[in-house]
Structures are given as C-alpha cells and as structure tokens.
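Listed below, chain by chain, are the residues.
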Amino acid sequence: SVGEAVPASQKSSWASFLKSIASFSGDLSSLTAPPFILSPISLTEFPAYWCERPELFSAIADAKTDEERSIAVLKWFISTLKGQYTSRNEKLGSEKKPLNPVLGELFYGYWPNDATNRGQTNLIVEQVSHHPPITAYYIENKDKGLSLQGHNAQKTSFSGGSIIVRQIGHAVLTVKLPSGSTDTFLITLPKLRIDGLWYGSPYIELTEMSYIQSSTGWLSSIEYKGKGYFSGKSHQFKALLTPPSSSYPKHTFEGLWHLTSKNVKSGEDFTDVTSPKEEVTVANVDEQGDWESRKLWKFVAKGIREGDFEAASREKSKIENEQRQRRRDELAAGTKWELKHFDHIDSDPIYEELGRLFKANPSEEDAYIYRHNGPQFPPVPVPPTES
Ligand code: CLR
C-alpha cells in the first residue's frame, strides 16, 4: 500500500498529494504537501552547493593549460553533484519539498580563505521571480579571479510514477587568466527524475546529458544513468572531453558521482567525494536583514523542525499574505518590484555564442547579470602556517 515511509496519520494526505501531482504540470512549489515531506530550507540556499569543496573551485585558477583547466572545471562540477542532489536524503531522511522563496528573498554566505591560500569565496543569491520561481546567484573568488553567475528554474511533469524536473537556466563560469585574457565556461544543467514517491521517500536520479563548453573550444559532454544502465548502479556518469574543433574525445571519465570516478584510459582516480564537504558560513539569524532567507523563514522553519505544523502553517500564511498585499499595493501604485543585485537580460550572448558550439537546446536563454553591489563579507584572517 501507499507510503511505507509515511506517518500513519498522513497516509491519505500523501495519497491525495500524489494524485494532485499526477494530474499537474508546471510549478510544483504551489502544491500543498503533507507536513512530513516539508523541508525547513528555502531554495535560495541551494546555490551554495556549487562551492562546498572550495579547494576544487579554486584549483580551476591554478590549471596551466586550456586542457588542464577544462579537466579541473569538470572535476569541480562532478564533485558538486552529491551535494546538489543527495544531501537532503542524508540530512533530512529523504528528498523533501523546500520552502518556496518569496520575491526579493536573499541568501548571503562565504567560504573563508585558508592556509593553502585558496582565497575567499563569496555567495550572493536573490529570488528574482516568484511566479514562476527563479533563483539567481553569483559566486566569486576574487583572490583567484573566478566567478560563477547563474539562475535556476524548473519545469516539472509526471511520468511513470516519477516527477520529471527539467532545469531551466544555466551557469557561466569566468576564469581570469594571468595573461589578462579570460576562459569562459557555459554550464548546462541535467534533468532530474524524482523516484520513491509512492513509498513516501523521494530521491533524485539524474538523466540524459549536460554540457560544459569552454570558450577555448574544449567541451565536456556528460551522460547520466541510474540503476539498470551501464553497470546497474545508481548515480552513474560518463563524461567525454573533446578538444577544440575535434569530433573525437581525448579523455573519458566514468564512475559514480556520489562516490568516486576514474579516468578510463589512464586508470587514474578522478573525483572522490567520500570526505566531508564544507558548508557555507552564514551570519547568525539575529544579525540578518529581514529579507535574508533564514531570518525571513525563521518561525516557519522552527515549526517544521519541531513538528509544530500548526505554527509552521500559521507563520507561512503570514508571509504569503504580506506578499500578496505587497503585490496589490504595487499594482494600485503602478510600481514594480525592483531587484536588488541583478539585472535581467532577455537573451544571454554568452549562452548563444558558446551554446552554438555544441548545439545547445534551447538555442537562446535569458540571464540575470550581477550588479556587483553585494554586502561586505567579513574578511577572515589566514591562520598562520606551521613551520
Ligand atoms: C534546484 C537547483 C539546485 C539543484 C536542485 C536540487 C533539488 C531540486 C531543486 C534543484 C529544485 C526543486 C526540487 C528539488 C528536488 C525536489 C524539489 C525539484 C533543481 C521539488 C520542487 C519538490 C518536489 C516535492 C516532492 C519531494 C514531494 O542546483
């Protein structure tokens, strides 16, 4: 029967939630889900997954050749997937429904420099749309000349008992080289399938392909498979790295993105994410501004964490009503909500130019460009090196 992992009192509400997603496509965030599946974490926190192995991010800047740099980018990218797609299972017991950010919600954080001189990396996130939900982010390691700018939205549908999530949006990684030129990477995002719904313990599998196209011409084509393909295991990938204007890959990397992988030809180890990752440092909730995610959702999150769902839903309604009133006021005044850190452009020239090299689908996408007006992050002193 339905929902082995569902508390007895919520089985019927889980069944009707499943029915509603089966007959629904578009924006899942608006559907009311039973309490056991609610996460106390907002989607504005998710861009932090890009940098939870700061040493792999900064290593991109240390690569000596275009080829090495493309390998370093692929290694960093593959190493983020475990955090991006399995960390809620580890932290919350299963994939859960994140808090649906309000328009203008913010999330700031950083990873400090350390004795290896990896540099400080800062994170700026803003919810730039509520209907549909769109999250924009900018991640920067100034010391190393690295920045990652991107945005995220999702289109969902239902098929064969699973939720299929197509990711809309892309990321652009910019690497300033010592020569003064830049290497720019267009990163596209994989498709997700959410399985395990029937039992009430959802988890993600990645499917199809994603790409990382460098402006130097190197291209990573990454293929994702789950149980029953390649080797029968979950979370498999195979990445081909192809030199500029060649149709034959020079390197093949293969393995499990949540554990380890290898360079197929040389047999050398490639990625290994079995060691702990480093979560982003965020200001204490009481020092945060009213629009910052953890401050804004503080009481909703508390209710969810403590199992007081009445309090959680009361606090959530307060936030939603306040938002509705804001939109009504703007309409009456003929004004429009102003984004704080990003400018929207209808068509991203970097996406178009680099996307053409590997026939990206779609051939055009919009983007949100960072205004370089983020907060001052606390400069963290480098601990002295031992002699
Ligand atoms: C957001 C962007 C991140 C990667 C990522 C991981 C998990 C995804 C999330 C994105 C978008 C929202 C998402 C979530 C998993 C479940 C959740 C699709 C793509 C949906 C809205 C909730 C489904 C509800 C069931 C779990 C009951 O870089």
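This structure is a prediction, so every number in the text was calculated from the model and none was measured.

Participant: Tell me about the overall build of the protein chain, and name the residues and values.
Facilitator: Scanning the protein chain from terminus to terminus reveals seven helices and 18 strands. A compact globule built from 387 residues would reach a C-alpha radius of gyration of about 21 Å, and the protein chain, at 21 Å, matches this within 12%. Buried positions account for 51% of the 387 residues belonging to the protein chain. In the protein chain, once contacts between residues fewer than 6 apart in sequence are set aside, the share between residues at least 24 apart is 55%. Approximately 18900 Å² of the protein chain is accessible, and the part contributed by carbon and sulfur atoms is 52%.

Participant: Break down the environment of G83 for me, with residues and values.
Facilitator: When you line up the elements, G83 lands in helix α3 (residues 66–92). Owing to a relative accessible area of 6%, G83 belongs among the buried residues under this scheme. Sequence-wise, G83 and H130 are 47 residues apart; in three dimensions their C-alpha atoms are separated by 24 Å. The contact partners of G83, leaving out residues within four places of it in the chain, are Y49, E52, R88 and K277.

Participant: Tell me about the packing of helix α2 (residues 54–62) against α3, and name the residues and values.
Facilitator: Two numbers describe how α2 lies on α3: the axes approach to 8 Å, and their chain directions differ by 170°. With respect to each other, α2 and α3 are oriented roughly antiparallel. Within the contact between the two elements, α2 uses L56, F57, A59 and I60 and α3 uses R69, A72, V73, K75, W76 and S79. Tallied by class, residues from the contact of α2 with α3 come to seven nonpolar, one polar and two charged.

Participant: Break down unusual backbone geometry for me, with residues and values.
Facilitator: Where the residue is not glycine, phi is negative for most of them; where a peptide bond is considered, it is trans in most cases. Put simply, H131 and P132 share a cis peptide bond, and its omega is 0°. Locating P132 in the fold gives a position in the loop between β4 (121–129) and β5 (134–141). Of note, the amide linkage connecting N361 to P362 takes the cis form, showing an omega dihedral of 0°. For P362, the position within the fold is in the loop between α7 (349–357) and β18 (367–370). Positive phi, close to 65°, is recorded for N117, a residue that is not glycine. When you line up the elements, N117 lands in the loop between β3 (106–111) and β4. Here N117 falls in the exposed class, since its relative accessible area comes to 51%. Located in the positive-phi region is K359, a residue other than glycine, with phi close to 60°. You can call K359 exposed: its relative accessible area is 75%.

Participant: Give a detailed account of the site of the ligand, specifying residues and quantitative values.
Facilitator: F17, Q84, R88, Q154 and Q167 are the nearest of the 19 residues found near the ligand. Q84 is positioned with one of its side-chain polar atoms (N or O) 2.6 Å from an oxygen atom of the ligand. Breaking the shell around the ligand down by element, the ones donating at least two residues are α1 (11–22), α3, β6 (146–159), β7 (162–168) and β10 (191–195). The element best represented in the shell around the ligand is α3, accounting for three residues. Of the residues contributing to the shell around the ligand, the split by class is 13 nonpolar, four polar and two charged.

Participant: Outline the nonpolar core, listing residues and values.
Facilitator: If you look at the biggest cluster of nonpolar residues, it comprises 59 residues, and the most contacted ones within it are W76, F77, L148 and L173. Of the residues forming this core, the biggest block, eight residues, is contributed by α3. With sequence-adjacent residues up to four places away left out, L173 is seen in contact with F57, I60, V73, W76, S147, L148, D183, T184, F185 and I187. Listed in part, the 14 residues of the second largest apolar core include Y108, I134, A153 and Y368.

Participant: An account of the packing of helix α5 (residues 298–306) against helix α6 (residues 309–333) is requested, with residue identities and associated values reported.
Facilitator: With their axes 7 Å apart at the nearest point, α5 and α6 run at an angle of 160° to one another. Of the possible angle classes, the one that applies to α5 and α6 is roughly antiparallel. The element α5 and its partner α6 pack so that their crossing is left-handed. Side by side, α5 and α6 meet where F299, V300, G303 and I304 of the first sit next to F309, A312, E315, K316 and I319 of the second. Taken together, the residues of the contact of α5 with α6 break down into six nonpolar, one polar and two charged.

Participant: Kindly report on α6, identifying the contributing residues and their values.
Facilitator: The first and last C-alpha atoms of α6 sit 36 Å apart over 25 residues, in line with the 36 Å expected at 1.5 Å per residue. When we look at burial in α6, the residues that qualify are A311, A312, E315, I319, Q323 and E330. Those residues of α6 that are buried are in contact with α4 (293–296) and α5. One or two positions beyond α6, positive phi appears at G334, with a value near 70°.

Participant: Before we move on, could you go through the pairing of β5 and cite the residues and values that matter?
Facilitator: For β5, a buried count of eight out of eight residues is recorded, marking the element as mostly surrounded by other parts of the structure. On β5, burial covers both faces: I134, A136, Y138 and E140 on one face and T135, Y137, I139 and N141 on the other are all buried. Where β4 and β5 come together, seven bridges link them in antiparallel fashion. In the sheet register, I124 faces β5, and the bridge partner there is Y138. If you look at the hairpin formed by β4 and β5, you'll find four residues sitting between the two strands. Taken together, the seven bridges between β5 and β6 define a ladder with antiparallel strand orientation. Following the sheet pairing, Y138 is matched in β6 by Q149.

Cut-offs applied
Residues numbered from 1 in each chain as written. Predicted model: local features only at pLDDT ≥ 70, side-chain atom pairs only at ≥ 80, totals over all residues. Heavy atoms only, no water. Helix = DSSP H or I, 4+ residues; strand = E, 2+ residues; numbered from the N terminus. Rg over C-alpha atoms; globule rule 2.2 N^0.38 Å. Buried < 20%, exposed > 50% of the residue type's maximum accessible area, 1.4 Å probe, protein only. Contact = heavy atoms within 4.5 Å. Areas by Shrake-Rupley, 256 points an atom, 1.4 Å probe, with all protein chains shown as cover. Axes fitted to C-alpha atoms, helices over the stretch in contact; angles between N-to-C directions. Parallel < 35°, antiparallel > 145°, perpendicular 65-115°, else oblique. Nonpolar A, V, L, I, M, F, W, Y, C, P; charged D, E, K, R; others polar. Near = heavy atom within 4 Å. Polar contact = N/O pair within 3.5 Å; in protein donor to acceptor, adjacent residues only side chain to side chain. Core = buried A, V, L, I, M, F, W, Y, C linked by side-chain atoms within 4.5 Å. Left-handed = near helix turned anticlockwise from the far one by under 90°. Expected span 1.5 Å × (residues − 1). Pairing = 2+ DSSP bridges.

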